[in-house]
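Structural characterization, general
One letter stands for each residue in the lines below.
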Amino acid sequence: MSANVAPCQQPIPLSQLRAGCTARLHSADLAKDDCALLKALGLTDRCLLRVCKAGEPCIVEVKATRIGLSRTLARGVFVVPEALA
Amino acid sequence: MASSSSLKRSPDQAARVSYRVVLVGNPNTGKTTLFNRLSGSRAKTSNFPGTTTAARIAHASLGNGHGAVEAEIVDLPGLYRLGLSTPESRICREVLAGEGLYHKPDAVVVVVDACNLTRNLVLVGELLAYDEPVVVALNMVDLAQRRGLTLDAAALSREIGCPVVPIVARRGEAVDRLTGIVANVLRKGESHTPIGLATDDQLEAWADRAVAASVTGVGSGADTLTERLDKTFTHPILGVLVFALVMGGMFWTLFALAALPMDLIEAVFSRLGVWVTETLPPGAIRDLTADGIIGGIAGTAVFLPQICLLFFLISLLEDTGYLARAAFVMDRLLCRFGLPGHAFVPLLSSHACALPGIMATRLIPDRRDRLATILVAPLMSCSARLPVYVFLTSMLFVGQPLYAAVAFAGCYLLGAVSALVSAAVLRRTLVKGTARPMVLELPTYKMPSFTNALIAARDQGYAFLKTAGTIIMAISIVMWWLSAYPKAPEAPEAVTLQRAASAATNDAQAHDLLARADAAQARAQQQQSFAGRIGRVAQPVFAPLGYDWQLTVGVLTSFLAREVFVSTMSVLLGGSDDPDLADTGVIARIRQAQRDDGSPLFTPATSASALVFFVLAMQCTSTLAVTRQETGSIKWAGVQLAYMSGLAYVAALITYQGLRAAGLS
């Protein structure tokens, strides 16, 4: 499933976004330590992120930081797509 | 080297050291580069008390002229947030609060990446909650400018309430200004008013406000080169190919460049041993010095080139930014067995030697992931197993080089598969859990720093010599004593050969006879020694594997270091103690060796059983010493010894009994 169709308010897993999409972080369904680490890396509530590479790993850019996430983690991170790819 | 006690409270030290400054910062901000700039080559490495986390400490003069102060600088481990439940965050919290064993610092220098200010300022906000003076070193301002960002350090300083100094640590730009300001802060002893940002949201809003007030420009947008490189390096196929090329190159370099200094070290210690033997009068002191102490030091020092070179190369690779991408490539395979992607460098390094491999597990952030990797790393076939593999495959397949080559390759495969399967079992039993899903900051690609790599190589080599060396030498001395005592009387065979040498008509014949006499005496010594007696006592345990007492002694002495197996068998079975396998006479003699009942010692089943045993057994006291050091507990060294020996025994038993049942005994 691809999410680069239209802006919407429904959160979807980060793993479903295609490269080039931007989205806002909505929530994370992950272990407490993983959530804390993601937050420390800059993936904070409602932060704007851009998907640089989809798949395994998923690479996102947040405020000039590039973060690689394994697919397992990307499936547990929920985002709201912002713009067309 | 500084002892770990240098990080602890001590009235004497407090009186001697004027000031203590700690360096704090996110990973990849250039903190280590700044530390190396400040300390030159004078830094010392130790562990934080009660941990295996390395601490680097240096004494430096900060500031110029009359305003200069002497300070001890402590490079704290890189961390993203003080509040995380990682060992790095815990250590930083304790150091800043002066809790437990730590001495409270007089000032904190926080290194901040100018390209990534918001996230870095969140850490600064956390640090400002403490009452120590904070100075912000705003690093990589050149890179920020190239990306279209304009930073106003004065405005940032006003906004956050502490000094901010823009620097380029890599080129040393404005580092003098930074040290001058730190010296000034230390002399005045003034601090900021601790800010009370209680929640993450407050901290993030504070950081956003500070950035809005001090940074203009929007950056240069997507870095297409970085994106293309990332896509290639993490691609399921291309990524693996690049990884194979990089690792192949790294290990080729390691083997090619380490061989010469290793040979030199061996030659130097060998000559030293000969010199001691020729200089000191015969007796226990001479034997202990030449064989025990010099042999023990040589056994440690010979690994030094590999360890230094490996860490030099890893540091270069890490600096380029490639290692973070490579970790994701291997994560796909290793996570199925409960290991993280970071484990690939330690496991691959263990093919050269398990010692640097285990030390390289420091790259793994999660403690349990790291422990699992340490426990299985010695199953990868190291270079010390090579002579044993050559020896036993040549016993197994006489005159069949193709089969011998296949068996040889099979040993490597068996070791690697066993390591992965063992990891999967360990993650379900003793080190319960799955590999933590990988999330990593992908640092900017950049040219590596040779200075940083040289310092890393030196520090790791020094740490290895200090911690492992002492233990290895002690064990070597004990093993020497077990094999040297009690002294055997002159063996009749040796006496006969010596007489024959005296009567020989030419020098070559006399030399040969004397060498055979020495070998006969050495064999008698092995039989009479405590090690030999233990071998006879232990033989019933190894009988189901097809080993007689001679093979048992060979296997037992190999628990010191597996490479001694060939020389031990050579001595026991009538060759010289020269393990040079080019001497085909030695192999031929060993191949014809017999048990006490006259049957052949090395049957196909026995050779295969011994081969499997050597692939899987933990026969390296140096590795156990380093495991104890890196895990901080002798328990895990014991677990490693027990499970690997048990695995080796069962696999060798199945091999021997299976081949016997198939009629290949």
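Note that the structure is a prediction, hence the values are computed from the model and not measured. (Residues numbered from 1 in each chain as written. Chains lettered and ligands numbered in written order. Predicted model: local features only at pLDDT ≥ 70, side-chain atom pairs only at ≥ 80, totals over all residues.)

Here we come to the overall build of chain B. Counting its regular elements, chain B contains 28 helices and 10 strands. Classification of the 665 residues of chain B by burial places 47% in the buried group. Of the contacts formed within chain B by residues at least 6 apart in sequence, a portion of 72% connects residues at least 24 apart. (Helix = DSSP H or I, 4+ residues; strand = E, 2+ residues; numbered from the N terminus. Buried ≥ 20, exposed ≤ 12 C-beta atoms within 10 Å, placed from the backbone. Contact = placed C-beta atoms within 7 Å.)

A tally of regular secondary structure across chain A gives two helices and six strands. Listing every helix and strand of chain A by position from the N terminus yields β-β-α-β-β-β-α-β. Considering only contacts within chain A whose residues lie at least 6 apart along the sequence, 61% involve residues at least 24 apart.

Attention shifts here to the nonpolar core. All names here are of chain B. Residues Val110 and Ala137 are the most contacted members of the largest nonpolar core, which totals 201 residues. Here this core gets 10 residues from one element, more than from any other, and that element is helix H12 (residues 304-320). Judged by nonpolar contacts, the second largest core, of six residues, contains Leu497, Ala517, Ala520 and Ala522. (Core = buried A, V, L, I, M, F, W, Y, C linked by C-beta atoms within 7 Å.)

Right, let's talk about helix H16 (residues 367-376) of chain B for a bit. Residue and element names in this part refer to chain B. For H16, the buried fraction is high: eight of the 10 residues fall into the buried class. Within the span of H16, buried status applies to Asp369, Arg370, Leu371, Ala372, Thr373, Ile374, Leu375 and Val376. Buried residues along H16 sit in contact with helix H14 (344-349), helix H15 (354-359), helix H18 (401-426), helix H27 (621-631) and helix H28 (634-661).

A few words on the pairing of strand S3 (residues 48-53) of chain A. All names here are of chain A. Strand direction decides the pairing type here: strand S2 (residues 22-28) and S3, joined by three bridges, are antiparallel. Counted as the bridge partner of Ala23 is Leu49 from S3. As paired elements, S3 and strand S4 (residues 58-62) share three bridges and run antiparallel to each other. Its bridge partner being in S4, Lys53 is matched across the sheet by Ile59. The antiparallel pairing of S3 with S4 creates a hairpin that spans four residues between the two strands, and Gly55 there sits at a positive phi of about 100 degrees. (Pairing = 2+ DSSP bridges.)

A few words now on the interface of chain A and chain B. Taken together, the contacts link 25 residues of chain A with 25 residues of chain B. The element best represented in the side of chain A that touches chain B is helix H1 (residues 32-41) of chain A, accounting for eight residues. Counted by class, the side of chain A that touches chain B contains 12 nonpolar, six polar and seven charged residues. (Nonpolar A, V, L, I, M, F, W, Y, C, P; charged D, E, K, R; others polar.)

Once that is clear, we can look at the packing of H27 of chain B against H28 of chain B. All names here are of chain B. One way to put it is that H27 packs onto H28 with a least axis distance of 7 Å and a crossing angle of 140 degrees. One finds that H27 runs oblique with respect to H28. Of the two possible hands of crossing, H27 and H28 adopt the one that is right-handed. On H28, the residues that touch Leu624, Thr627, Arg628 and Thr631 of H27 are Ile634, Trp636, Ala637, Gln640 and Leu641. Its residues assigned to classes, the contact of H27 with H28 shows five nonpolar, three polar and one charged. (Axes fitted to C-alpha atoms, helices over the stretch in contact; angles between N-to-C directions. Parallel < 35°, antiparallel > 145°, perpendicular 65-115°, else oblique. Left-handed = near helix turned anticlockwise from the far one by under 90°.)

All names here are of chain B. Here helix H8 (residues 200-214) spans 21 Å end to end across 15 residues, near enough to the 21 Å set by a 1.5 Å rise per residue. Every buried residue belonging to H8 is among Leu203, Glu204, Ala207, Ala210 and Ser214, and all of these are buried. Angularly, the buried residues of H8 cover 125 degrees about the axis, an arc narrow enough to put them on a single face. Those residues of H8 that are exposed and aimed more than 90 degrees away from the buried face are Asp201 and Ala212. Tucked inside the fold, the buried residues of H8 contact helix H4 (117-127), strand S7 (150-151), helix H6 (153-160) and strand S9 (215-216). (Expected span 1.5 Å × (residues − 1). Arc of directions from axis to C-beta.)

Below, the discussion takes up the environment of Asn64 of chain B. Mapped onto the elements, Asn64 of chain B comes out in the loop between strand S3 (54-62) and strand S4 (69-75). Here the alpha-carbon distance between Asn64 of chain B and Arg177 of chain B, two residues 113 residues apart in the chain, equals 9.4 Å.

The phi angle of most residues is negative, glycine excepted, and most peptide bonds adopt the trans form. Glu56 of chain A connects to Pro57 of chain A through a cis peptide bond whose omega is -5 degrees. Of note in this structure, Ala174 of chain B is not a glycine but carries a positive phi near 65 degrees.

All names here are of chain B. Where helix H26 (residues 604-616) contacts H28, the two axes come as close as 8 Å, and the packing angle between them is 160 degrees. As the angle between them shows, H26 and H28 are arranged roughly antiparallel. Note that H26 runs across H28; the crossing there is right-handed. Side by side, H26 and H28 meet where Pro604, Ala605, Thr606, Ala608, Ser609, Val612, Phe613 and Leu616 of the first sit next to Met644, Leu647, Ala648, Ala651, Ala652, Thr655, Tyr656, Leu659 and Arg660 of the second.

Time to look at the confidence of the model for chain A. In low-pLDDT regions, the fine details of the predicted coordinates are not to be read closely. Residue and element names in this part refer to chain A. Model confidence for chain A is summarised by a mean pLDDT of 86, while 87% of its residues fall at 70 or above. Mean pLDDT in chain A bottoms out at strand S6 (residues 77-83), which sits at 89, and peaks at strand S1 (residues 12-13), which reaches 96. The low-confidence segment residues 1-6, where pLDDT is below 50, has 11 contacts with residues more than four positions distant or belonging to other chains. (pLDDT = per-residue confidence, 0-100.)

Turning our eyes to something else, we now look at the environment of Gly239 of chain B. All names here are of chain B. You can see Gly239 is positioned in helix H10 (residues 238-279). The sequence separation of Gly239 and Lys635 amounts to 396 residues, and the corresponding C-alpha distance is 38 Å. Ignoring any residue separated from it by four or fewer positions in sequence, one finds Gly239 in contact with Thr232, Phe233, Thr234 and Val329.

Let us look at the confidence of the model for chain B. All names here are of chain B. Mean pLDDT over chain B: 83, with 88% of residues reaching 70 or higher. Low confidence marks residues 1-16, where pLDDT is under 50. Its contacts with residues over four positions away, or in another chain, come to 27 contacts. Below pLDDT 50 for its whole length, residues 575-584 participates in 23 contacts with residues either more than four positions away or in separate chains. Taken over the whole predicted complex, pTM reads 0.73, whereas the ipTM for its chain interfaces reads 0.88.

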